[in-house]
Amino acid sequence: MLKLFSAKKPINLVIDDYCIRMADPPEGRGLPVKKLKEKAVPVGLVEHGRIVDELEFFNFFRQTMREWGVKNRFVRFYAPDSLVIMKRVTYPSDLKTKEEILAYFNMELGRTLYLPFENPIFDIHPLKRKKGSSEQDEEEGILFAVPEEEIRKLVDLLTDCHLRPMAVDVRPIGVYRYYAFQYEEAFSDQAFLFMEVNLSSVSISIFYKHTMEFLRFLELDISPKDWVLT
């Protein structure tokens, strides 16, 4: 999870090409969600996870937040699925803190680390070394990257609409975290496959021992114009 600010009691937002969803989570475990909201996004404002008409989307989003009555709330939101890159990487074993590891990959960008966009935001999930393994020069981790420009657009949008962005997350990890929290015992040492099929895409992820092993996002050859809102 990429931390932006620190706060308590956030709402959770999902912004897709075709709709916005909000969940106001419970304060305690096992309690029902306080509020669920959903609203269709006009066709052409968001395409493939990117805001293409910033002014119109701002007006639409601001009005939606007013209707939902969430002014000044802290917010967690998902990075657009189509923009998230996951890579299994190695790094020198003498790098101990996350800050050191991320600084290393910033240095390696364009040298040993190649991404399909410029100015990425990184997060790293170091993998635990197996018990009994000998000292080695490299460690392994799972690297997540998203384009800073697109995330900054969303952060600025939320801020301009009187919301307080707290963190941006990867959707499959958020889904897995919820199920692992609800069914902790069943998730201790198992492999799980999650598949989400929505109006415009399919997302597949595999987790094993609380670590994402596979992530694949596929665009469907379906336009939002082909759907009718009823």
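See the structure printed just above.
From a predicted model like this one, the values you see are computed outputs, not experimental measurements.

Topic: the packing of helix H1 (residues 54-68) against helix H3 (residues 148-160)
Here comes step 1: With their axes 10 Å apart at the nearest point, H1 and H3 run at an angle of 45 degrees to one another. Looking at the two axes, H1 sits oblique to H3. Crossing geometry of H1 relative to H3 is assigned as right-handed. Facing H1, whose interface residues are Glu54, Phe57, Phe58 and Phe61, H3 presents Lys153, Leu157, Leu158 and Asp160.

Some details on the pairing of strand E2 (residues 11-15)
Here comes step 1: Burial within E2 is extensive, with four of its five residues counted as buried.
Here comes step 2: Of the pairings in the sheet, the one linking E2 to strand E3 (residues 19-24) comprises four bridges and is antiparallel in character. Opposite Ile15, over in E3, you have Ile20 as the bridge partner.

Re the sheet that holds strand E13 (residues 201-208)
Here comes step 1: Taken in spatial order, the three strands of this open sheet run E12-E13-E14, and their pairing is antiparallel. Only two strands of the sheet have a single partner each, and these edge strands are strand E12 (191-197) and strand E14 (211-219). Each neighbouring strand pair of the sheet contributes to a mean axis angle of 10 degrees, computed without reference to strand direction.
Here comes step 2: Across seven bridges, the pairing between E12 and E13 is antiparallel. Looking at E13, one finds that Ala191 is bridged to Tyr208.
Here comes step 3: Lying over the sheet, helix H4 (residues 171-182) contacts E12, E13 and E14, oriented at roughly 50 degrees with respect to E13.

Rules used throughout
- Residues numbered from 1 in each chain as written.
- Predicted model: local features only at pLDDT ≥ 70, side-chain atom pairs only at ≥ 80, totals over all residues.
- Heavy atoms only, no water.
- Axes fitted to C-alpha atoms, helices over the stretch in contact; angles between N-to-C directions.
- Helix = DSSP H or I, 4+ residues; strand = E, 2+ residues; numbered from the N terminus.
- Parallel < 35°, antiparallel > 145°, perpendicular 65-115°, else oblique.
- Left-handed = near helix turned anticlockwise from the far one by under 90°.
- Contact = heavy atoms within 4.5 Å.
- Buried < 20%, exposed > 50% of the residue type's maximum accessible area, 1.4 Å probe, protein only.
- Pairing = 2+ DSSP bridges.

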